[in-house]
Amino acid sequence: MYEKVLIVCASVHHNNTLNVAKVMGEELNAEIIKPSEFKSEMISDYDLIGFGSGIYNGKNHQSIFNLIDGLKVQNHKHAFIFSTSTIPVKVMHKSLKESLIAKEFHIVGEFYCKGFMNYSFTKFLGGLNKGRPNDRDLEKARNFARDLVKI
Ligand SMILES: Cc1cc2nc3c(=O)[nH]c(=O)nc-3n(C[C@H](O)[C@H](O)[C@H](O)COP(=O)(O)O)c2cc1C
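For the structure given in this document, a descriptive report is provided here. Model, not experiment: these values are computed from the prediction. (Residues numbered from 1 in each chain as written. Predicted model: local features only at pLDDT ≥ 70, side-chain atom pairs only at ≥ 80, totals over all residues. Heavy atoms only, no water.)

Description of the overall build of the protein
To keep it simple, the criterion reads: Strands here mean DSSP runs of E at least two residues long; helices mean DSSP runs of H or I at least four residues long; both are numbered from the N terminus. Here the globule rule reads 2.2 Å times residues to the power 0.38, and the radius of gyration is calculated from C-alpha atoms. Relative accessibility thresholds used throughout: buried, under 20% of the residue-type maximum; exposed, over 50%; partly exposed, between the two (1.4 Å probe, protein chains only). In this analysis, two residues are considered to be in contact whenever any of their non-hydrogen atoms come within 4.5 Å of each other. Only the protein chains shown count as covering a residue, and every accessible area follows the Shrake-Rupley method with a 1.4 Å probe. By the counting scheme adopted, Arg and Lys are positive, Glu and Asp are negative, and His together with the chain ends is not counted. For the purpose of locating charges, the reference atoms are NZ of Lys, CZ of Arg, CG of Asp and CD of Glu.
Across its full length, the protein carries 4 helices and 6 strands. Going from N to C terminus, the protein has its helices and strands arranged as β-α-β-β-β-α-β-α-β-α. At 15 Å, the protein has a C-alpha radius of gyration in line with the 15 Å of a compact globule built from 151 residues. The dimensions of the protein, computed from C-alpha atoms along their principal axes, are 45 × 30 × 25 Å. Taken across its 151 residues, the protein has 48% of its residues classed as buried. Sequence separation of 24 or more characterises 77% of the internal contacts of the protein that already satisfy a separation of 6 or more. Within the structure as shown, the protein displays about 8,000 Å² of accessible surface, and the carbon and sulfur contribution to it stands at 51%. A gap of 8 Å separates the mean positions of the 20 positive and 16 negative side-chain charges of the protein.

Below is the structure:
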């Protein structure tokens, strides 16, 4: 259904979210860029845009929000959200979802999974979620992307 797909991914801690973006990108034949590479005029070239990052203090990375703030209101442009985090729960996407809806994006899907983290005191434990995202997580991400195209 989608001809051109763009994935904007901020993966600053361990490339956890980038690894998810890559398998989604393979499945969707998408271009993957960092927020710093994004220009608002690019948006009209794509009919589906994925926004993804690790979760930092309960929400997606600030660079994703900054980028969305700079956009004009969209005419129900299709978008999806994804993340990796220590505790992968849907509520972590709440702020990003609200920002996208405020710009009149139409959110067609959300994906989240565990990501390795060794920030702060957790480094003394050898980190949390070792090896995540793992092959199983990546397979789920691939299936998520495959299902998006079926919609
Ligand atoms: C400064 C910082 C804050 C974080 N805050 C949260 C958080 O609030 N909730 C959570 O589940 N994980 C949190 N994490 C863990 C990251 O979301 C997780 O490691 C993620 O996979 C990082 O993705 P990335 O490698 O793509 O940047 C935090 C990590 C860092 C470094």
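Having seen the structure, we can now continue with the description.
Quick word on the nonpolar core
Note the cut-off: Remark: nonpolar core denotes a set of buried residues (Ala, Val, Leu, Ile, Met, Phe, Trp, Tyr, Cys) joined through side-chain atoms within 4.5 Å.
Counting residues in hydrophobic clusters, the biggest one holds 21 residues, and the most contacted among them are Ile 7, Val 20, Met 24, Phe 80, Phe 82 and Phe 111. Of all the elements in the fold, those that place two or more residues in this core are strand S1 (5–10), helix H1 (16–28), strand S5 (78–85), strand S6 (106–114) and helix H4 (135–150). Sequence-distant contacts of Ile 7, that is, excluding residues within four places in its chain, are made with Ala 21, Met 24, Gly 25, Ala 30, Glu 31, Ile 32, Ile 33, Gly 50, Phe 80 and Phe 82. Ala 10, Ile 64, Leu 96 and Phe 105 belong to the second-largest nonpolar core, a separate cluster that totals 20 residues.

Focus: the packing of aromatic side chains
Cut-off, in case you're wondering: Aromatic pairs are defined between Phe, Tyr and Trp rings, using the six-membered ring for Trp, whenever the two ring centres lie within 6.5 Å; interplanar angles under 30 degrees are classed as stacked, those over 60 as edge-to-face, and all others as tilted. Placement of a charge over a ring requires the Lys NZ or Arg CZ to be within 6 Å of the ring centre, with the centre-to-atom vector within 35 degrees of the ring normal.
The tally for this structure, following the rule as stated, stands at 4 aromatic pairs. Between Phe 51 and Phe 105, the aromatic rings sit 5.7 Å apart at their centres with planes inclined by 85 degrees, giving edge-to-face as the arrangement. Of this pair, Phe 51 sits in strand S3 (residues 48–56) while Phe 105 sits in the loop between helix H3 (94–102) and S6, and the two are 54 residues apart along the sequence. Three or more aromatic residues link up through ring pairs in this structure, and these residues are Phe 80, Phe 82, Phe 111 and Phe 144. Sitting above the plane of the Tyr 46 ring, Lys 4 keeps its charged end 4.8 Å from the centroid.

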